[in-house]
Amino acid sequence: MLIVNADDAVGEAVALRLAQPGAQLALVGADAGRLDRLASRLAEKGVAVIALVTGAVDPGEIRHAVARVMARYGRIDILVQNESVLTAKPLQEISDADVGAALGAGLAGPFHYLREVVPAMRERGFGRVVNISDIRYLGLAASANVAAARAGLFGLTRALALESARDGVTVSTVVMGDLDNDATPAAEREKLAAGIPVKRLGTPADVANAVGFLAADSSKYVTGQTLFVCGGKSAYFSMSI
């Protein structure tokens, strides 16, 4: 399996959740040190693993990374795309660079990985694709650049799910809510938690468990879906689909 952007807390949790003895994982990200540390932990669990430092957007780099994974393992059965860190700003503060960064990492990069990986899945008659997004795709204030990228990924996921369903390839999205983060001041974390129906922030493990379900063979009748992992926060929105 291939996990894109495995070098943050969510990507790490997903890798650990999917790691089973005998599994073959490829970790992609920008932080070489963090990837190597994660790869070592996975290897101790009996997992075959390679770590690739690769840009998140450039089509040539993405093509090369996928080729290296295919050369090593011969196939990619599961693709998890995790671009969880996108910086949002109010409209008047969004620069051209901000637009390019959000649409590049949040939409163009995932598109290039899908284009490189999914056709081979369809030829083999099996594949699981899980795209990780966040609740800003519903259009939260002061997040126009990120909302645009996330909404684009929503449409891409559903279109590809319909295109690939007959070939045994499922494509769905896990939408994160507010996750606990030590970098966030305690008062702000308490305020966020108070606005969530379950009255707590989520964890990377919560997200990873949802990914594990969609990546499993038991979810073969589930595709084109949006699975919210948000403590019920999405229920406040009329378009939480």
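To be clear, the structure that these remarks concern was listed above.
If you're wondering where the values come from, they're calculated on a predicted model, not measured in any experiment.

Here is what the cut-offs are and how they apply
Residues numbered from 1 in each chain as written. Predicted model: local features only at pLDDT ≥ 70, side-chain atom pairs only at ≥ 80, totals over all residues. Heavy atoms only, no water. Helix = DSSP H or I, 4+ residues; strand = E, 2+ residues; numbered from the N terminus. Expected span 1.5 Å × (residues − 1). Bend = angle between axes of the 7 residues up to and from the residue. Axes fitted to C-alpha atoms, helices over the stretch in contact; angles between N-to-C directions. Parallel < 35°, antiparallel > 145°, perpendicular 65-115°, else oblique. Left-handed = near helix turned anticlockwise from the far one by under 90°. Contact = heavy atoms within 4.5 Å. Nonpolar A, V, L, I, M, F, W, Y, C, P; charged D, E, K, R; others polar. Salt bridge = Lys/Arg side-chain N within 4 Å of Asp/Glu carboxyl O. Buried < 20%, exposed > 50% of the residue type's maximum accessible area, 1.4 Å probe, protein only. Phe/Tyr/Trp six-rings, centres within 6.5 Å; stacked < 30°, edge-to-face > 60°. Core = buried A, V, L, I, M, F, W, Y, C linked by side-chain atoms within 4.5 Å.

Novice: What is the right way to read helix α4 (residues 96-124) from this model?
Specialist: Working note: α-helix, 3.6 residues per turn, so residues spaced by three or four point in the same direction. The end-to-end C-alpha distance of α4 is 41 Å, a good match for the 42 Å that 29 residues give at a rise of 1.5 Å each. Largest kink in α4: about 45 degrees, centred on Gly104. Of the residues trailing α4, Gly125 is marked for its positive phi of about 85 degrees.

Novice: In this structure, what is going on with the packing of helix α1 (residues 9-18) against helix α2 (residues 32-44)? I would like to understand it.
Specialist: What describes two packed helices is the angle between their axes and the distance between those same axes. Where α1 meets α2, the axes come as close as 11 Å, and the angle between the chain directions of the two elements is 20 degrees. Between α1 and α2, the angle falls in the class roughly parallel. Considering the relative orientation of α1 and α2, their crossing is right-handed. Here Ala9, Glu12, Ala15 and Leu16 of α1 come into contact with α2, specifically with Arg34, Leu38, Arg41 and Leu42. In terms of residue class, the contact of α1 with α2 is built from 5 nonpolar, no polar and 3 charged.

Novice: Would you mind going over the pattern of salt bridges with me for this structure?
Specialist: As a working rule, side chains carrying opposite charge can pair if their charged atoms are close by. Counted by the stated rule, this structure contains 15 salt bridges. Put simply, Asp182 and Arg189 hold a salt bridge, and the shortest N to O gap is 3.8 Å. A relative accessible area of 70% places Asp182 in the exposed class. Residue classification places Arg189 among the partly exposed residues on the basis of a relative accessible area of 23%. One continuous salt-bridge network, built from bridges that share partners, spans Glu12, Arg34 and Arg41.

Novice: Just checking my understanding: could you explain the packing of aromatic side chains for this structure?
Specialist: Centre distance and the angle of the planes are the two values used to describe a pair of aromatic rings. For the structure on display, the rule yields 2 aromatic pairs. For the ring pair Tyr137 and Phe154, a centre distance of 5.1 Å and an interplane angle of 25 degrees mean the geometry is stacked. Here Phe154 lies in helix α5 (residues 144-164) and Tyr137 lies in the loop between β5 (127-134) and α5, a separation of 17 residues in the sequence. Linked through ring pairs, Tyr137, Phe154 and Phe228 together constitute an aromatic cluster.

Novice: Explain the nonpolar core to me, please; I cannot follow it from the model alone.
Specialist: In globular proteins that are soluble, nonpolar side chains generally tend to be buried together. The biggest cluster of nonpolar side chains holds 31 residues, and the ones touching the most others in it are Ile3, Val14, Leu25, Leu27 and Leu42. Mapped onto this core, the elements with two or more residues apiece are α1, β2 (24-29), α2, β4 (78-82), β5, β6 (169-176) and α7 (204-215). When residues in this core are grouped by element, the largest group, 6 residues, is from α7. Excluding residues that lie within four positions of it along the chain, Ile3 makes contacts with Gly11, Val14, Ala15, Leu18, Leu25, Ala26, Leu27, Val28 and Val80. Of all hydrophobic cores here, the second largest spans 25 residues; its members include Val4, Ala26, Tyr73 and Val129.

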